[in-house]
Amino acid sequence: GRIGKTKGTASAKGRVNLLAEGINFKIKAKIKNAPITYFSPFYAGQVPFRITGGTMSVSSKAKAKDSYLTSSHHATIRNLKAGGVQGKLINALVLREGNKVDVDAQVNGDLSKGNLSVSTQISRIMGGVLMARARSLAPVREVGAGLKRAGEKTGDKLKRLFGR
């Protein structure tokens, strides 16, 4: 069905065993052409840059047996727009990739403990992968140009910006 009042759609199909002990299911799900900002409550604080626009399509396969989840996710992000200092690197990556970026993520874990958030893990993985790919494109002298704080050494500036 439709995702809110957007042009994006979501669908899922699969099997769930409600009579088994533990959590058991096998599903396939898809999100198509959804505005990525619609999902900001799920990725807020998990992605190392501010997302201001773009659409995404995600294909997911997930299986749980005796409450242990194994899942794989493929996202195609189109026209991603990011703000802030790190967003400039992301925007450069998106342009280089022809406004289409593909990212894969796997999330596995114990569902019975109640602290596994698939959307949080996917967001962290995808955000990290995009930042790593974007960082690899930028020459060091361009990464932090003009962003130095008073008295800060270049190496310290890069550590502050990229957490390394």
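Trainee: It is not clear to me how the layout of surface pockets should be interpreted in this structure. Could you clarify?
Mentor: Empty space within the largest pocket amounts to approximately 630 Å³. As for the largest pocket, its lining consists of 31 residues, of which Ile 31, Met 56, Val 58, Ser 119 and Ile 122 are closest to the centre. Put simply, the parts of the chain that give the lining of the largest pocket at least two residues each are strand S2 (25-35), helix H1 (40-43), strand S3 (50-65), strand S4 (68-83) and helix H3 (118-137). Among the elements that make up the lining of the largest pocket, the one with the highest residue count is H3 (7 residues).

Trainee: I'm lost on the pairing of S3 in this one. Help?
Mentor: Pairing of S2 with S3, which is carried by 9 bridges, proceeds in the antiparallel orientation. Looking at S3, one finds that Ile 27 is bridged to Ala 62. Summarising the sheet, S3 and S4 pair through 14 bridges and their orientation is antiparallel. Note that in S4 the partner of Ala 64 across the bridge is Leu 69. The turn joining S3 and S4, which pair antiparallel and follow one another in sequence, is formed by 2 residues; a positive phi near 50° is taken by Asp 66.

Trainee: Please clarify how the packing of aromatic side chains should be interpreted in this entry.
Mentor: Here the structure, examined in full by the defined rule, presents 2 aromatic pairs. Ring centres 5.6 Å apart and planes at 75° place the aromatic pair Tyr 38 and Phe 39 in the edge-to-face group. Take Tyr 38: its relative accessible area is 42%, and that puts it in the partly exposed class. Where Phe 39 meets Phe 42, the ring centres are 6.4 Å apart and the plane angle is 45°; that geometry is what we call tilted. On the accessibility criterion, Phe 42 (47% relative accessible area) is partly exposed. Put simply, the rings of Tyr 38, Phe 39 and Phe 42 touch in pairs and so form one group of aromatic residues.

Thresholds, definitions, all that
Residues numbered from 1 in each chain as written. Predicted model: local features only at pLDDT ≥ 70, side-chain atom pairs only at ≥ 80, totals over all residues. Heavy atoms only, no water. 1 Å grid on protein atoms, 1.4 Å probe; cavity = no way out; pocket = protein on both sides within 12 Å on 5 of 7 lines; lining within 4 Å. Points joined across faces, edges and corners; volume = space filled by probe spheres on them. Helix = DSSP H or I, 4+ residues; strand = E, 2+ residues; numbered from the N terminus. Pairing = 2+ DSSP bridges. Phe/Tyr/Trp six-rings, centres within 6.5 Å; stacked < 30°, edge-to-face > 60°. Buried < 20%, exposed > 50% of the residue type's maximum accessible area, 1.4 Å probe, protein only.

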